[in-house]
Amino acid sequence: MEEMEEELKCPVCGSFYREPIILPCSHNLCQACARNILVQTPESESPQSRRASGSGVSDYDYLDLDKMSLYSEADSGYGSYGGFASAPTTPCQKSPNGVRVFPPAMPPPATHLSPALAPVPRNSCITCPQCHRSLILDDRGLRGFPKNRVLEGVIDRYQQSKAAALKCQLCEKAPKEATVMCEQCDVFYCDPCRLRCHPPRGPLAKHRLVPPAQGRVSRRLSPRKVSTCTDHELENHSMYCVQCKMPVCYQCLEEGKHSSHEVKALGAMWKLHKSQLSQALNGLSDRAKEAKEFLVQLRNMVQQIQENSVEFEACLVAQCDALIDALNRRKAQLLARVNKEHEHKLKVVRDQISHCTVKLRQTTGLMEYCLEVIKENDPSGFLQISDALIRRVHLTEDQWGKGTLTPRMTTDFDLSLDNSPLLQSIHQLDFVQMKASSPVPATPILQLEECCTHNNSATLSWKQPPLSTVPAEGYILELDDGNGGQFREVYVGKETMCTVDGLHFNSTYNARIKAFNKTGVSQYSKTLVLQTSEGCNFEPQSAPYTQLVDIKKLLAVAWFAFDPGSAHSDIIFSNDNLTVTCSSYDDRVVLGKTGFSKGVHYWELTVDRYDNHPDPAFGVARIDVMKDVMLGKDDKAWAITEGGITKGATIGVLLDLNRKTLTFFINDEQQGPIAFENVEGMFFPAVSLNRNVQVTLHTGLPVPDFYSSRASIA
């Protein structure tokens, strides 16, 4: 009930409605407040003059909004009537609930009549304080507006339901507890407001003041007022005019005011409108329920934001502390280097000081000894030692020669710390994402009409949804392993079409695609099922070999070329990558572009050039075979390297992964029995050659007939 209180208060006085009237715009006003905001208009705008000129079409004439500017969007604080220059401007005030209202330019004359009976100036205009629509009153004045008895009843029930003490209705700010109620004014007063607004003198002295509780009881016991016709005050409403959307009395109908209008019984329309209001309330109730759930979500977001803020702050502090710790560790390391350099310099200088001190002591001793020798007067004795002393003096002098008196170490430290990159990084240290997260891209759509398979390769095409507004920075294509296993990424990039090679023949793959941007990745698209080729283009068989046809349906035929991407860099390609040679004298390996893991496969290679016995090798290999040695030198290749290979020879390779065997043919003749057995896994056609050999690959060939016959007999 508390949330409904604003609906029960007048937009002018801010108090509960007292004798509310309904304006044509469907808003309500207290009758006294409506009188207080009346504005007088010029004679030319009166309804009588409009009817006389033939322009009047309604009892309530709305003013031209270009002529009336009682409400200023610029918040000037003044309203004026633009069509009447002599009309005085009146200050714009605000009601307690913030709605702008316009008091009359001239105060109304003193009267002892109630607001409903007090005369209204001629040509008066009233402006709704809520929608700001203006209208000119007719001769009936405010009596021409219907009274909202329903609103009065709701207010009475609302006030009766409030268990708290009755409050004064005239206190401007915090209402005080009411002490009396005037039965004639129907207003609750506190003592200060009673002395100020209801003094016990003049006409007010005859009003009866009762305690608030008694006033509430008298309100509850007072008979409910019956709504009467605005044109015929003694008549109750009995019918409802559908066109005018208002209740009418039987006298209105007899006078012919609604003769051409559809009129229905008041009770029937009352029930109909109640039903319509109930239905409308159901929809509004759903919206209110959603709003409550949304508010709960927002309150949860507040709590989540606070928790995330604490967590984020802790993470930020931890990251900054980690940077500080790393800087302190680096500082300790640099200081250790400085101390090491310091100790090294001191040691060198101290060693030099010690060495020079000893040397100087020896030199000084020699000098003193020589001076004493010079003092001797014995020539023969002097000459006996003079030569040796002269040599010692010269030798000692030479020892103090170049570099001896030069410091071995400078006082400057040859270390310079360049901290500008780190300072720049610190200044540039910022959050990766300062704004609110942008949405992830929409889920891509696989274009089924452009997706296809060919042999053991699959081509897929996709696009963004037509109404997608979030751009994608790239796409991730995933395929399973062909046996219903886990998906793996096979392409990441900006293109919207991709061909995947090297798939198993006669296998079923599942493919899906998703888009990504800086925010994250989209949902996966719908899964597309792809079926690789089973084999085709077999030679027709005669009737006796009907069973062979069934067997050969299991044998896959593949078309492929050499793969430049995995080959050694010395390999030279031509003829659409079907012919290869080499630029080196050393053996180099090249693989086919298609790998096989199941089925029976046969291909041939013709030797176009064969010089100086180059010893090429033909066979199969793993994808990670060594590319710079002869094929078969490691444990990841199986090959034939000898036996009648010359220029013009044709080498056939038969890989039977059903029986796990590898067989070779030269010029359509099988080379001995099966060359290799227990061949299992993924294998690629392979050749090793040097610059003296050139070979051409031939694919899409059927399996030799005799091998098929042998397989059928087995």
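On a predicted model such as this, the values are computed, not experimentally measured, just so you know. Here the residue numbers are simple positions, counted from 1 along each chain's written sequence. Thresholds applied to this predicted model are a pLDDT of at least 70 for local features of residues and 80 or more for the giving and counting of side-chain atom pairs; totals over whole chains, interfaces and linings are not thresholded and use all residues. The basis for the side-chain values is all heavy atoms of the structure; hydrogens and waters are excluded.

**Brief notes about the overall build of the protein chain**
Right, on to step 1. Each helix is a run of DSSP H or I of at least 4 residues and each strand a run of E of at least 2, with the numbering of both proceeding from the N terminus. The secondary structure content of the protein chain amounts to 11 helices and 37 strands.
Right, on to step 2. Whether two residues touch is decided by their heavy atoms; if any such pair falls within 4.5 Å, the residues are in contact. Contacts in the protein chain between residues at least 24 apart in sequence constitute 60% of all its contacts with a sequence separation of at least 6.
Right, on to step 3. Accessible area of the protein chain: about 44,000 Å², with a carbon and sulfur share of 54%. Reported accessibility uses the Shrake-Rupley method at a 1.4 Å probe radius. Residues are deemed covered only where the shown protein chains occlude them.

**Examining the packing of aromatic side chains**
Right, on to step 1. Two aromatic rings, drawn from Phe, Tyr or Trp (for Trp, its six-membered ring), form a pair once their centres lie within 6.5 Å of each other, and the interplanar angle then sorts them: stacked below 30 degrees, edge-to-face above 60, tilted otherwise. In the structure shown here, the tally under the stated rule is nine aromatic pairs.
Right, on to step 2. Each ring, one from Trp462 and one from Tyr491, has its centre 6.2 Å from the other, and the planes form 50 degrees; the classification is tilted. With Trp462 in strand 20 (residues 457-463) and Tyr491 in strand 22 (residues 488-493), this residue pair connects regions lying 29 residues apart in the sequence. For the pair shown, Trp462 and Tyr491 are each scored as buried.
Right, on to step 3. Ring plane angle 15 degrees and centroid distance 5.9 Å describe the contact between Phe505 and Phe596, whose orientation is recorded as stacked. Taken together, the positions of Phe505 in the loop between strand 23 (497-500) and strand 24 (508-516) and Phe596 in the loop between strand 28 (588-591) and strand 29 (600-610) put the pair 91 residues apart, joining distant regions of the chain. Residues Phe505 and Phe596 agree in their burial class; the two are buried.
Right, on to step 4. Following the ring pairs from residue to residue traces out a cluster consisting of Phe505, Phe560, Phe596 and Trp603. We call a residue buried when its accessible area falls under 20% of the maximum for its residue type, exposed when it is over 50%, and partly exposed in between, using a 1.4 Å probe and counting protein chains only.

**With respect to the confidence of the model for the protein chain**
Right, on to step 1. The share of residues in the protein chain with pLDDT of 70 or more is 80%, and the mean pLDDT across the chain is 79.
Right, on to step 2. As a per-residue measure, pLDDT tells how confident the predictor is, with possible values from 0 to 100. Between the elements of the protein chain, mean pLDDT differs from a low of 30, seen in helix 10 (residues 546-552), to a high of 95, seen in strand 27 (residues 579-582).
Right, on to step 3. Across residues 50-92, confidence stays below pLDDT 50; counting only partners more than four residues off in sequence or on other chains, it has 74 contacts.
Right, on to step 4. Contacts from residues 102-116, a stretch scored under 50 in pLDDT, to residues over four places away or in other chains number 23 contacts.

**Brief notes about helix 7 (residues 266-374)**
Right, on to step 1. Given a rise of 1.5 Å per residue, 109 residues ought to cover 162 Å, and the 154 Å separating the end C-alpha atoms of helix 7 matches this to within 8%.
Right, on to step 2. Burial in helix 7 covers these residues: Met269, Lys345, Val348, Gln352, Lys359, Thr363, Leu366, Cys370 and Val373.
Right, on to step 3. Against strand 15 (239-241), strand 17 (263-265) and helix 8 (379-399) lie the buried residues of helix 7. Between the first and last residue of a helix there are one fewer steps than residues, each counted as 1.5 Å, and that sum is the expected span.

**Thoughts on the nonpolar core**
In globular proteins that are soluble, nonpolar side chains generally tend to be buried together.
Right, on to step 1. The criterion is simple. A nonpolar core is a set of buried Ala, Val, Leu, Ile, Met, Phe, Trp, Tyr and Cys residues joined through side-chain atoms within 4.5 Å. Within the largest apolar cluster, 34 residues are counted, with the highest numbers of intra-cluster contacts made by Trp603, Leu605, Phe618, Leu655 and Val695.
Right, on to step 2. By residue number, the principal contributor to this core is strand 29, which donates four residues.
Right, on to step 3. Dropping the residues within four chain positions of it, Leu605 is found in contact with Phe562, Phe618, Ala649, Thr650, Ile651, Val653, Val687, Val695, Thr696 and Leu697.
Right, on to step 4. With 23 residues, the next largest nonpolar core counts Cys10, Leu29, Cys128 and Tyr158 among its residues.

**Structural notes on the sheet that holds strand 28**
Right, on to step 1. The sheet built from four strands is open, its strands ordered 28-36-30-31 with antiparallel pairing. Two strands in the sheet have a free side with no partner beyond their single neighbour: strand 28 and strand 31 (637-640). Strand-to-strand twist across the sheet, computed as the mean angle between neighbouring axes with direction ignored, equals 30 degrees.
Right, on to step 2. Strands pair, by our definition, only if DSSP identifies at least two bridges between them. Where strand 30 (residues 617-621) lies against strand 36 (residues 684-689), five bridges are found, and the strand directions are antiparallel. Paired with Phe618 across the strands is Val687, a residue of strand 36. Think of each axis as a best-fit line through the C-alpha atoms, taken over the contacting stretch in the case of a helix, with angles from 0 to 180 degrees between the N-to-C directions.

**Observations concerning unusual backbone geometry**
Right, on to step 1. The phi dihedral of Asp615 falls on the positive side, at around 60 degrees, and the residue is not glycine.
Right, on to step 2. On the basis of relative accessible area, Asp615 is assigned to the partly exposed category, the value being 33%.
Right, on to step 3. Positive phi, close to 70 degrees, is recorded for Asp668, a residue that is not glycine.

**Quick word on the packing of helix 7 against helix 8**
When two helices pack together, their arrangement is captured by the angle between the axes and the distance separating the axes.
Right, on to step 1. Two numbers describe how helix 7 lies on helix 8: the axes approach to 11 Å, and their chain directions differ by 155 degrees. Looking at the two axes, helix 7 sits roughly antiparallel to helix 8. Helix-helix and strand crossings are classified by hand; for helix 7 and helix 8 the assignment is left-handed. Contacts from Lys359, Thr363, Leu366, Tyr369, Cys370, Val373 and Ile374 of helix 7 reach helix 8 at Phe382, Ile385, Leu389, Arg392, Val393, Thr396 and Gln399.
Right, on to step 2. The residue classification treats Ala, Val, Leu, Ile, Met, Phe, Trp, Tyr, Cys and Pro as nonpolar and Asp, Glu, Lys and Arg as charged. All others, Gly included, are polar. Residue composition of the contact of helix 7 with helix 8, by class: nine nonpolar, three polar and two charged. Angle categories are assigned with fixed cut-offs, so that under 35 degrees is roughly parallel, over 145 is roughly antiparallel, 65 to 115 is roughly perpendicular, and the rest are oblique. Put simply, a crossing is left-handed when the front helix is turned counterclockwise from the back one by less than a right angle, and right-handed when it is turned clockwise.

**Brief notes about the sheet that holds strand 22**
Right, on to step 1. Read across the sheet, four strands follow the order 22-21-24-25 without closing on themselves; strand pairing throughout is antiparallel. The open sheet has two edge strands, strand 22 and strand 25 (528-531), and neither has a second partner. Averaged over all pairs of adjacent strands, the angle between their axes in this sheet comes to 25 degrees, without regard to strand direction.
Right, on to step 2. Pairing geometry for strand 21 (residues 474-479) and strand 22, over five bridges, is antiparallel. Considered in strand 22, the bridge of Glu478 is made with Glu489.

**Overview of the side chain of Ser134**
Right, on to step 1. Mapping Ser134 onto the fold places it in strand 11 (residues 134-136).
Right, on to step 2. A distance of 2.8 Å separates a polar atom in the side chain of Ser134 from a polar atom in the side chain of Thr127. We call two N or O atoms a polar contact when they sit within 3.5 Å, provided that within protein one can donate a hydrogen and the other can accept it, with sequence-adjacent residues counted only if both atoms are side-chain atoms.

**Some words on the side chain of Gln169**
Right, on to step 1. As for its placement among the helices and strands, Gln169 is situated in the loop between helix 3 (149-161) and strand 12 (180-182).
Right, on to step 2. Classification of Gln169 by relative accessible area gives buried; the value is 13%.
Right, on to step 3. At 2.8 Å, the side chain of Gln169 and the backbone nitrogen of Phe188 are in polar contact.

**Quick notes on the state of the cysteines**
Right, on to step 1. Note on disulfides: each one is a pair of cysteine sulfur atoms within 2.5 Å. Per the stated rule, a full pass over the model turns up zero disulfides.
Right, on to step 2. Left without a disulfide partner, Cys168 is nearest to the cysteine sulfur of Cys193, which lies 3.6 Å away.

**Thoughts on a nonpolar patch on the surface**
Right, on to step 1. A cluster of nonpolar side chains, Phe294, Leu295, Leu298, Met301 and Ile305, forms an exposed patch at the surface whose accessible area comes to about 440 Å².
Right, on to step 2. Its relative accessible area of 45% is what places Phe294 among the partly exposed residues. Residues form patches when they are more than 30% accessible in relative terms and have no salt bridge. Like charges link within 9 Å. Nonpolar side chains (Val, Leu, Ile, Met, Phe, Trp, Tyr) link within 5 Å. Salt bridge, as used here, is a side-chain nitrogen of Lys or Arg placed within 4 Å of a carboxyl oxygen of Asp or Glu.

**Re the environment of Pro212**
Right, on to step 1. Among the structural elements, Pro212 can be located in helix 5 (residues 212-221).
Right, on to step 2. Residue Pro212 is classed as buried on the basis of its relative accessible area, which comes to 13%.
Right, on to step 3. A C-alpha to C-alpha distance of 8.7 Å links Pro212 and Tyr189, two positions 23 residues apart in sequence.
Right, on to step 4. Ignoring anything within four residues of it in the chain, the contact list for Pro212 reads Leu166, Ala178, Thr179, Val180 and Phe188.

**Some points on the pattern of salt bridges**
Right, on to step 1. A complete count under the given rule lists 15 salt bridges for this structure.
Right, on to step 2. Here Lys9 and Glu5 are joined by a salt bridge, their closest N and O atoms 3.0 Å apart.
Right, on to step 3. Where salt bridges share partners, they join Glu478, Arg512 and Lys514 into one cluster.

**Overview of the environment of Ala621**
Right, on to step 1. Checked against the element boundaries, Ala621 lands in strand 30.
Right, on to step 2. Judged by relative accessible area, Ala621 falls into the buried class, the value being 0%.
Right, on to step 3. Separated by 32 residues in the primary sequence, Ala621 and Val589 have C-alpha atoms spaced 9.7 Å apart.
Right, on to step 4. Those residues in contact with Ala621, other than ones at most four positions away along the chain, are Leu591, Leu631, Lys636, Ala637, Met682, Phe683, Phe684 and Ala686.

**Overview of the environment of Asn483**
Right, on to step 1. Here Asn483 shows up in the loop between strand 21 and strand 22.
Right, on to step 2. Along the chain, Asn483 and Tyr509 lie 26 residues apart, while their C-alpha atoms are 7.4 Å from each other.
Right, on to step 3. Once you skip the residues sitting within four places of it in the chain, Asn483 turns out to touch Thr508 and Lys598.

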